[in-house]
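Reading the structure
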Amino acid sequence: MTQTIWWKLSSKVMVVLAVGLSPMAVQAQSNFETYKKQYPDFNELIVNNTTSYTISIVDKKLKVIQDNQYESMILSDNGIQNNKESFSYSDFVKLISYDAYTIVSNSGKEKKIKVTQALEKQSRGGSVFHDDVKVKQMSFPNLEAGAKKVFEYTTEFTDPNLLHKFIFGEVLPVKNASLEIKVDKNVNIGFKLFNDPNNQIAFNKIEKKDYNLYQWTLKDGKPIKFEGNAPSMLYSVPHLIFYIEDYTADKNKVTLLGDIQRMYTYYSGFVENLNSKEDKALKEIAQTITANKTSEEEKIKAIFYWVKDNIKYIAFENGYEGFIPREAALVNERKFGDCKDMASIITAMAKYAGVSNTYLAWIGTRNIPYSFSEVATPSTTDHMIAVYKKGSEYIFLDATDQETAYGLPSAFIQDKEALLYNGDQYQIVKVPITPPAKNLIQDSVVLTLNDEKITGSGWLQISGYNRTNTLGQLGDAANKTRFEMIKSLVLKGNNKFTLNDYCEANTKDRDKPYEVGYDFDIENYIVKVDKELYLNLVFDKYYEKSNLEKDREANYDFDNLNQFISTVTCVIPNDYEVKYVPKNFELDNELIKVQLIYHYHGNTVSMKATLETKKIMLEKKDFALWNETVKKLKSGYAETIILKEK
């Protein structure tokens, strides 16, 4: 997936202090003692984190300067280990100047010690193979408890459409976080604040003769808390997005952002001339692989799978290449590309094969919580796909995920809006959440009991995103490594589980479930008391250990909805009879639906468990019900059948 450059750049800041004066040193020592008492559980405190923008008109053009200031204080000896800080810049955000130093107390006076070790390196962030983002990493000398790390840097934005968001939070507590925007009177801006339900961020606007000054400040910000299965911090951390709507230079008004049409116009400039020249080699490939296909859908499916199998996904960003799809001919020649390139070659091949209604589309992943109506700026998108319209249905074609089957959108764009490119007209289409039945994990097991040892055979089928994830984890593993991975996949009961043999099916056919047949033994699982055997038939206790902490703050993200069907049939030994079969268990609420159905017939007892999740992301209001659900699940899972010697 493409990670646009303005996402990666830091918003760290500092306050420039007068140093070398004894009263300041006394004040610093006082602050140190106060902060230690106020933040006893932290090794470091961010004292100030500020970003200031100056937006003016110079030579009839917009000039956007960003000043970033940062200051932190070491609160304990353990904090000394964190001696590095960094900030980022790129072709879009050019570095003008920077300064960095440590402040220590020396004989009652504060002393600056300049940073002399600063490395410049490529970002290589996330899955990006190459981009133009550079990171300046600074090593602060002479750190000790009470010392301060201070740095500031100034950058200039070369494209005023790509301004940063400001995040009022860090992994450490922050005494002061502030954003200030100084705007020429001939420039109009828009902004939107997120995740401040209690109005803790103070806002102030000051109007001067030649400019307007906008100020946002948060005092005593809590540190960002990292919790398992949490969505991106943009769902919970206070942050502000601002953009330039328009400006007037020499009586000419220039519009930039502010609504979806303006954003679409900006994006359209990157693709309006894409693939305008026919490429004979790619056209021949497209027509060859679709030659025996009779419908448009068969053709687009063949093209989609060909791109997955023949074009390697590599994120590659450099300046505006982070936004402009490359020509399909070049992508085919190189045999690699990023998400935009995948979309480019799919739509070009569709045209060559005579498939109508295939579009380029910009979309945000589920890391981004906004809709286009909320924020009509590049902050809302970080990915690009192709979209095929089949009648009234839309098929979302993302070739960056090699395993995902045709008809399934990538898991990370579910419930997001796609902005379709269609000449002068844009269209917004919502990607549906894939229903749980599409992500089915179905397991069927038959057990026999021999002297308190279980011998069994099973057949496992994995569909949808679960298939994608499973095969992605298995990869090209072979021999003993693959054997151990399959064992973990089909594990039953306890650590006395022994996998004897297995076979696989449909590893290459994306349209079918991935399947595993397996034979196994389990020892020390059956509980014997006198002449009775106790056997729990619920081997797969889904969500049994997913209780949420009472103080959890972030939403709980499942990534996708799931359906699990597990059938276990136990053959009763000839010298035993069934004494007890558990009652059926059912649970159905707005979050989950569960059934455990037992059946006793002839010489077998079977249990069929069906579980289906209903909500892809749990919010705080759901936590109490979820924990209550988990408690009931544990109770249902704990039931056993009882066999008695004849």
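These numbers come from a predicted model, not from an experiment.

What follows concerns the sheet that holds strand 27 (residues 497-505). Overall, mixed pairing links the eight strands, which are arranged 27-28-26-25-32-36-35-34 in an open sheet. Bordering the open sheet on either side are strand 27 and strand 34 (585-588), each of which pairs with just one other strand. Neighbouring strand axes in the sheet, compared pairwise and without regard to direction, differ in orientation by 15° on average. Two strands pair when backbone bridges link them, and strand 27 and strand 28 (residues 514-522) are joined in this way by eight bridges, in the antiparallel orientation. From the neighbouring strand, Tyr502 faces strand 28, where its bridge partner is Tyr518. Helix-sheet contacts for helix 7 (residues 464-474) involve strand 25 (440-450), strand 26 (453-462), strand 27 and strand 28, and the interaxial angle to strand 28 is about 70°. Each of strand 34, strand 35 (592-601) and strand 36 (604-613) is contacted by helix 9 (residues 623-637), which is oriented at about 10° to strand 35, the strand it contacts most.

With that settled, consider the sheet that holds strand 33 (residues 576-580). As summarised here, the arrangement of the four strands in space is 29-30-38-33, forming an open sheet in which the pairing is antiparallel. Edge positions in the open sheet fall to strand 29 (527-529) and strand 33, since each of these has one partner strand only. Across the sheet, the mean angle separating the axes of adjacent strands is 30° when strand polarity is ignored. As judged from the four bridges shared by strand 33 and strand 38 (residues 641-645), these two strands associate in the antiparallel manner. Counterpart to Tyr576 in the pairing with strand 38 is Glu645.

Before going further, it helps to spend a moment on helix 9. Counted at 1.5 Å a residue, the expected span for helix 9 with its 15 residues is 21 Å, and the 21 Å between its end C-alpha atoms agrees. Turning to helix 9, its buried residues number three or more, namely Phe623, Trp626, Asn627, Thr629, Val630, Leu633, Gly636 and Tyr637. Close packing links the buried residues of helix 9 with strand 31 (556-557), strand 34, strand 35, strand 36 and strand 37 (617-618).

For the rest of this paragraph, the subject is the confidence of the model for the protein chain. On average, residues of the protein chain carry a pLDDT of 91, and 93% of them reach 70 or more. Overall, residues 1-22 carries pLDDT values under 50, and its contacts beyond four positions in sequence, including any with other chains, amount to 114 contacts. Low confidence marks residues 125-130, where pLDDT is under 50. Its contacts with residues over four positions away, or in another chain, come to 20 contacts.

Of note, Ile57 is situated in strand 1 (residues 44-58). Judged by its relative accessible area of 21%, Ile57 falls in the partly exposed class. As for Ile57 and Val187, which are separated by 130 residues in sequence, their C-alpha atoms are 8.2 Å apart. With near-sequence residues (within four places) excluded, Ile57 lies in contact with Leu62, Asp184, Asn186, Val187, Tyr247, Thr248 and Ala249.

With that settled, consider the environment of Asp159. As for its placement among the helices and strands, Asp159 is situated in the loop between strand 9 (148-157) and strand 10 (165-167). Taking the relative accessible area as the measure of exposure, Asp159 reaches 4% and is therefore buried. The sequence separation of Asp159 and Asp279 amounts to 120 residues, and the corresponding C-alpha distance is 32 Å. Within the structure, the side chain of Asp159 is placed 2.7 Å from the side chain of Tyr266, a separation counted as a polar contact.

What follows concerns the packing of aromatic side chains. Under the counting rule described, the total for this entry stands at 35 aromatic pairs. Between Phe191 and Trp216 the ring centres are 5.0 Å apart and the planes differ by 75°, which places this aromatic pair in the edge-to-face class. A residue pair is termed long-range when its members are at least 10 positions apart, and Phe191 in strand 12 (residues 187-194) and Trp216 in strand 14 (residues 211-221) qualify at 25 residues. Given a relative accessible area of 34%, Phe191 falls into the partly exposed group. Under the relative-accessibility criterion, Trp216 is labelled buried at 2%. Pairing Tyr267 with Trp362 gives two aromatic rings, centres 5.0 Å apart and planes at 25°, and the pair type is stacked. Of this pair, Tyr267 sits in helix 2 (residues 260-268) while Trp362 sits in strand 20 (residues 358-363); the two residues are 95 residues apart in sequence, bridging distant segments of the chain. What makes Trp362 buried here is its relative accessible area of 4%.

This next bit is on the pairing of strand 34. Side chains on a regular strand alternate between the two faces of the sheet. Here strand 34 shows a clear split, with Phe585 and Leu587 buried on one side and none of Glu586 and Asp588 buried on the other. Both strand 34 and strand 35 contribute to a ladder of four bridges, which runs antiparallel. Along strand 35, the bridge assignment pairs Glu586 with Gln595. Hairpin connection from strand 34 to strand 35: three residues lie between these consecutive antiparallel strands.

The next thing to look at is helix 4 (residues 296-310). The first and last C-alpha atoms of helix 4 sit 21 Å apart over 15 residues, in line with the 21 Å expected at 1.5 Å per residue. Along helix 4, the residues classified as buried are Lys299, Ile300, Ala302, Ile303, Phe304, Tyr305, Trp306, Val307 and Lys308. Residues of helix 4 that are buried make contact with helix 3 (280-289), helix 5 (328-334), helix 6 (339-352), strand 20, strand 21 (383-390) and strand 22 (393-397).

The next subject is unusual backbone geometry. Backbone phi values are negative for most residues with the exception of glycine, while trans is the configuration of most peptide bonds. Located in the positive-phi region is Asp220, a residue other than glycine, with phi close to 55°. Position of Asp220 among the secondary structure elements: in strand 14.

Structurally, the position occupied by Asn439 is in the loop between strand 24 (425-430) and strand 25. Reaching out from Asn439, the side chain makes a polar contact with the backbone nitrogen of Tyr465 at a distance of 2.9 Å. Within the local environment of Asn439, its side chain forms a polar contact with the backbone oxygen of Leu561, the two atoms lying 2.8 Å apart. Apart from the residues lying within four places of it in its own chain, the contact partners of Asn439 are Thr434, Ser463, Gly464, Tyr465, Asn466, Asn560, Leu561, Asn562 and Gln563.

Structurally, Thr377 can be placed in the loop between strand 20 and strand 21. Beyond its immediate sequence surroundings of up to four residues, Thr377 is in contact with Ile241, Tyr243, Leu257 and Met263.

Interhelical geometry of helix 4 versus helix 6 gives an angle of 145° and a closest axis separation of 10 Å. Judged by the sense of rotation from one axis to the other, the crossing of helix 4 with helix 6 is right-handed. Facing Ile300, Ile303, Phe304, Trp306 and Val307 of helix 4, the residues of helix 6 in contact are Met342, Ile345, Ile346, Met349 and Ala350. The residue makeup of the contact of helix 4 with helix 6, split by class, is 10 nonpolar, no polar and no charged.

Counting 64 residues, the largest nonpolar core has Ile55, Phe168, Ile181 and Ile244 as the members making the most contacts within it. The dominant element in this core, judged by the number of residues it contributes, is strand 15 (residues 239-249), at six residues. Ignoring anything within four residues of it in the chain, the contact list for Phe168 reads Ala177, Ser178, Leu179, Leu193, Ile201, Trp216, Leu218, Pro238, His239 and Leu240.

Basis of the calculations
- Residues numbered from 1 in each chain as written.
- Predicted model: local features only at pLDDT ≥ 70, side-chain atom pairs only at ≥ 80, totals over all residues.
- Heavy atoms only, no water.
- Pairing = 2+ DSSP bridges.
- Helix = DSSP H or I, 4+ residues; strand = E, 2+ residues; numbered from the N terminus.
- Axes fitted to C-alpha atoms, helices over the stretch in contact; angles between N-to-C directions.
- Contact = heavy atoms within 4.5 Å.
- Expected span 1.5 Å × (residues − 1).
- Buried < 20%, exposed > 50% of the residue type's maximum accessible area, 1.4 Å probe, protein only.
- pLDDT = per-residue confidence, 0-100.
- Polar contact = N/O pair within 3.5 Å; in protein donor to acceptor, adjacent residues only side chain to side chain.
- Phe/Tyr/Trp six-rings, centres within 6.5 Å; stacked < 30°, edge-to-face > 60°.
- Left-handed = near helix turned anticlockwise from the far one by under 90°.
- Nonpolar A, V, L, I, M, F, W, Y, C, P; charged D, E, K, R; others polar.
- Core = buried A, V, L, I, M, F, W, Y, C linked by side-chain atoms within 4.5 Å.

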